[in-house]
Amino acid sequence: MRVILTGAAGFLGSHLAERLLRDGHTVVGMDNLLTGARENVRLLQTYPAFQFVHHDVEDPWPDLGPVDAVLHFASPASPNPRSPLGYPNLPIRTMRANAWGTYHGLETARRYGARFLLASTSEVYGDPEVHPQPEDYWGHVNPVGERAVYDEAKRFAEAMTMAYHRKHGLDVRIVRIFNTYGPRMRMDDGRVIPNFIVQALRGEPLTIYGQGEQTRSFCYVDDLIEGIVRLFTLDAAPFPVNIGNPQEYTILALARLVNELTGNAGGLRFEPAMYTEGDPKRRRPDITRARNLLDWEPQVPLPAGLQRTIEDFRTRLARAAG
Ligand code: UDP
């Protein structure tokens, strides 16, 4: 297959690109390098079947020739307003990447009769009132809240994807991605696992926003990619499918685990909550659909995945220092 993958320089995009290349596909990776890393592009360029297109998904796309699939992963994705890369600091870019970017991707797929896969998110569920979250839960999002630029943009992208399916019979897939971590995550994007690992490796206290009682369920990147590839290659109706790890941790328990695995004696530091309202209190995927439809479930428990991620961060920090 020849595929266009947007966001190929990003954390998930680069892992997915590498997996598709290893599976024998040709990958045209599109990225504007706003939050993606040139280092990831250099790695992908070691594969002869990879082509990089430096382009912003929100602008009209150049004709890249016939393709069998378009996978749309380009978007800022960190909710942390304390990081310049967080989507609260890139609000219009975030909305455009998911609105215009999705539109251009769908139009490209339509032109070539290609399959379209949208990288959606657990954030479509907002601060959920149903726990765990199944795909048929409609969510609890404040359209004028601080997270809306991402949450509502992804909800819009899902609606547009379904509109192309209903109106034009386009072959579409929607994956709702829950918190994912692993090697190659940006160390400075402000999300909880990169923050904790960098702080721990520097011997600093880990910053807990709020009381640390909020929960998340963390999926190791290889597990996530396996689930996405199964959904992508399946011949099936265009359900949204949750992909994530249902093992739920409080942020406090995560912090203690990172300190334990790194031997960090720096302890914890409590800081004000990330948002005044709207930070999800609990998040955990119901993965019944993925289990039944894809025969998929995560294999890597959090301590093992964290260990591999810590090693990657250690190497990159040493390289940056040396
Ligand atoms: N968080 C934290 N310390 C940090 C970064 C994040 O306590 O240094 C919290 C954040 O407030 C949120 C949770 O960890 O409740 C997960 O945040 P993240 O940015 O990783 O992504 P989210 O799951 O909110 O999309």
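Residue positions are given per chain, counting from 1 as you read along its sequence in written order. Per-residue local features are limited, in this predicted model, to residues with pLDDT of at least 70; the limit for side-chain atom pairs, both in listing and counting, is 80 or more; totals at the level of whole chains, interfaces and linings are taken over all residues. Excluding hydrogens and water, the side-chain figures rest on all heavy atoms present in the structure.

### Some thoughts on the side chain of T6
For step 1, the next point in the chain: Each helix is a run of DSSP H or I of at least 4 residues and each strand a run of E of at least 2, with the numbering of both proceeding from the N terminus. Position of T6 relative to the elements: it lies in strand 1 (residues 2–6).
For step 2, the next point in the chain: Between buried and exposed lies partly exposed: a residue is buried under 20% and exposed over 50% of the maximum accessible area for its type, with that area taken using a 1.4 Å probe on protein chains only. On the basis of relative accessible area, T6 is assigned to the buried category, the value being 0%.
For step 3, the next point in the chain: A 3.5 Å cut-off defines polar contacts: any pair of N or O atoms within that distance qualifies, except that in protein one atom must be a possible hydrogen donor and the other a possible acceptor, and neighbouring residues in sequence count only when both atoms are side-chain atoms. A distance of 2.7 Å separates the side chain of T6 from the side chain of H72, its partner in a polar contact.
For step 4, the next point in the chain: Of the polar contacts made by the side chain of T6, one reaches the backbone nitrogen of F73; its length is 2.9 Å.

### What about the sheet that holds strand 1?
For step 1, the next point in the chain: Ordered by their spatial adjacency, 7 strands build an open sheet running 3-2-1-4-5-6-11, and the pairing between neighbours is parallel. Because the sheet does not close on itself, it has two edges, and the strands there are strand 3 (50–54) and strand 11 (240–243). Taken over all neighbouring pairs, the strand axes of this sheet differ in orientation by 20° on average, direction set aside.
For step 2, the next point in the chain: Pairing of strand 1 with strand 4 (residues 69–72) involves 4 bridges; the strand directions are parallel. In this scheme, strands are said to pair when DSSP sees at least two bridges between them. Inter-axis angles, ranging from 0 to 180 degrees, are taken between N-to-C directions of lines fitted to C-alpha atoms, where helices are fitted over the stretch in contact.

### Some thoughts on the site of the ligand
For step 1, the next point in the chain: Around the ligand, 18 residues are found, and the nearest of them are N179, T207, Y209, R216 and D279.
For step 2, the next point in the chain: One of the side-chain N or O atoms of R147 is found 3.0 Å from an oxygen atom in the ligand.
For step 3, the next point in the chain: Within the side chain of R283, one N or O atom sits 2.9 Å away from an oxygen atom of the ligand.
For step 4, the next point in the chain: Each accessible area is a Shrake-Rupley result for a 1.4 Å probe, and residues are judged covered by the shown protein chains and nothing else. Its free accessible area being 520 Å², the ligand has 98% of it covered by the protein chains.
For step 5, the next point in the chain: Mapped onto the shell around the ligand, the elements with two or more residues apiece are helix 5 (192–201) and strand 8 (206–209).
For step 6, the next point in the chain: Its residues assigned to classes, the shell around the ligand shows 7 nonpolar, 5 polar and 6 charged. Whether a residue is near a molecule or strand is decided by its heavy atoms; if any one of them lies within 4 Å of it, the residue is near. Ten residue types, Ala, Val, Leu, Ile, Met, Phe, Trp, Tyr, Cys and Pro, are classed as nonpolar, four, Asp, Glu, Lys and Arg, as charged, and the remainder, Gly among them, as polar.

### Here we look at the nonpolar core
For step 1, the next point in the chain: Membership of the largest hydrophobic core comes to 60 residues, with the highest contact counts inside it found for L16, L71, F73 and L306.
For step 2, the next point in the chain: Considering every element that reaches this core, the biggest residue donor is helix 6 (residues 221–233), with 7 residues.
For step 3, the next point in the chain: Residues are treated as being in contact if the distance between any of their heavy atoms lies within 4.5 Å. Once residues lying within four places of it in the same chain are set aside, the contact partners of F73 are L5, T6, G7, L12, L16, L117, A119, I177 and I228.
For step 4, the next point in the chain: Ranked by size, the runner-up nonpolar core spans 23 residues in total, among them I4, A109, A114 and I174. To define a nonpolar core, start from buried Ala, Val, Leu, Ile, Met, Phe, Trp, Tyr and Cys residues and group those joined through side-chain atoms within 4.5 Å.

### Quick look at the layout of surface pockets
For step 1, the next point in the chain: For cavity detection a 1 Å grid was placed over the protein atoms alone, and a set of points counts as a cavity when a 1.4 Å probe fits there but cannot get out; an open set counts as a pocket when protein lies on both sides within 12 Å along at least five of seven lines, with lining residues being those that have an atom within 4 Å of a point. Grid points are joined across faces, edges and corners, and a volume is the space filled by probe spheres set on the points. Estimated volume of the second largest pocket: approximately 210 Å³.
For step 2, the next point in the chain: Surrounding the second largest pocket, V124, E135, D136, Y137, W138, R155, E158, A159 and R176 form its lining.
For step 3, the next point in the chain: The element that contributes the greatest number of residues to the lining of the second largest pocket is helix 4 (residues 148–168), accounting for 3 residues.
For step 4, the next point in the chain: A class-by-class count of the residues in the lining of the second largest pocket yields 4 nonpolar, no polar and 5 charged.

### Quick look at helix 3 (residues 91–112)
Each turn of an α-helix holds 3.6 residues, which means side chains three or four residues apart point in the same direction.
For step 1, the next point in the chain: Over its 22 residues, helix 3 extends 31 Å from the first C-alpha to the last, a length consistent with the 32 Å expected when each residue adds 1.5 Å.
For step 2, the next point in the chain: Throughout, the bend at a residue refers to the angle made by two axes, fitted to the seven residues ending there and to the seven starting there. Largest kink in helix 3: about 25°, centred on A97.
For step 3, the next point in the chain: The inward-facing, buried residues of helix 3 abut strand 1, strand 4, strand 5 (115–121) and helix 4.
For step 4, the next point in the chain: Immediately downstream of helix 3, the backbone of G113 shows phi near 60°, a positive value. Here, expected helix span is obtained from the residue count minus one, scaled by 1.5 Å.

### Side note on the packing of aromatic side chains
For step 1, the next point in the chain: Here a pair means two rings of Phe, Tyr or Trp (six-membered ring of Trp) with centres within 6.5 Å. Their orientation is stacked below 30 degrees between planes, edge-to-face above 60, and tilted elsewhere. Summed over all chains, the structure comprises 5 aromatic pairs.
For step 2, the next point in the chain: For the pair Y125 and F178, a centre-to-centre distance of 6.1 Å together with 40° between the ring planes defines the contact as tilted. Taken together, the residues Y125 in the loop between strand 5 and helix 4 and F178 in the loop between strand 6 (172–177) and strand 7 (180–181) connect sequence positions 53 residues apart. Taken individually, Y125 and F178 each receive the classification buried, so the pair is uniform in this respect.
For step 3, the next point in the chain: Relative to Y220, the ring of Y181 lies with its centre 5.6 Å away and its plane at 65°, an arrangement referred to as edge-to-face.

### As for the environment of H55
For step 1, the next point in the chain: Mapping H55 onto the fold places it in the loop between strand 3 and strand 4.
For step 2, the next point in the chain: Relative accessible area serves as the criterion here: at 16%, H55 is assigned to the buried category.
For step 3, the next point in the chain: Sequence separation between H55 and L106 is 51 residues; the distance between their C-alpha atoms is 16 Å.
For step 4, the next point in the chain: For H55, the residues in contact, after removing those within four places along its chain, are M30, D31, N32, P60, W61 and P62.

### Some details on the pattern of salt bridges
For step 1, the next point in the chain: A pairing counts as a salt bridge when a side-chain nitrogen of Lys or Arg comes within 4 Å of a carboxyl oxygen of Asp or Glu. The final tally for this structure, using the stated rule, is 30 salt bridges.
For step 2, the next point in the chain: In this structure, the salt-bridge partner of R115 is D235, at a minimum N-O distance of 3.0 Å. Of this pair, R115 sits in strand 5 while D235 sits in the loop between helix 6 and strand 11, placing them 120 residues apart in sequence.
For step 3, the next point in the chain: A residue is classified by how much of its surface remains accessible, and R115, at 13% relative accessible area, is buried.
For step 4, the next point in the chain: The class of D235 is exposed, set by a relative accessible area of 70%.
For step 5, the next point in the chain: Here E226 makes a salt bridge to R230, at a shortest N to O gap of 2.8 Å. Of the two residues, E226 and R230 both sit in helix 6, 4 residues apart, roughly one turn of that helix.
For step 6, the next point in the chain: A relative accessible area of 30% places R230 in the partly exposed class.
For step 7, the next point in the chain: One network of salt bridges, in which partners are shared, links E123, R147, R216, D279 and R283.

Treat this as a map of the structure, not an account of what it does.
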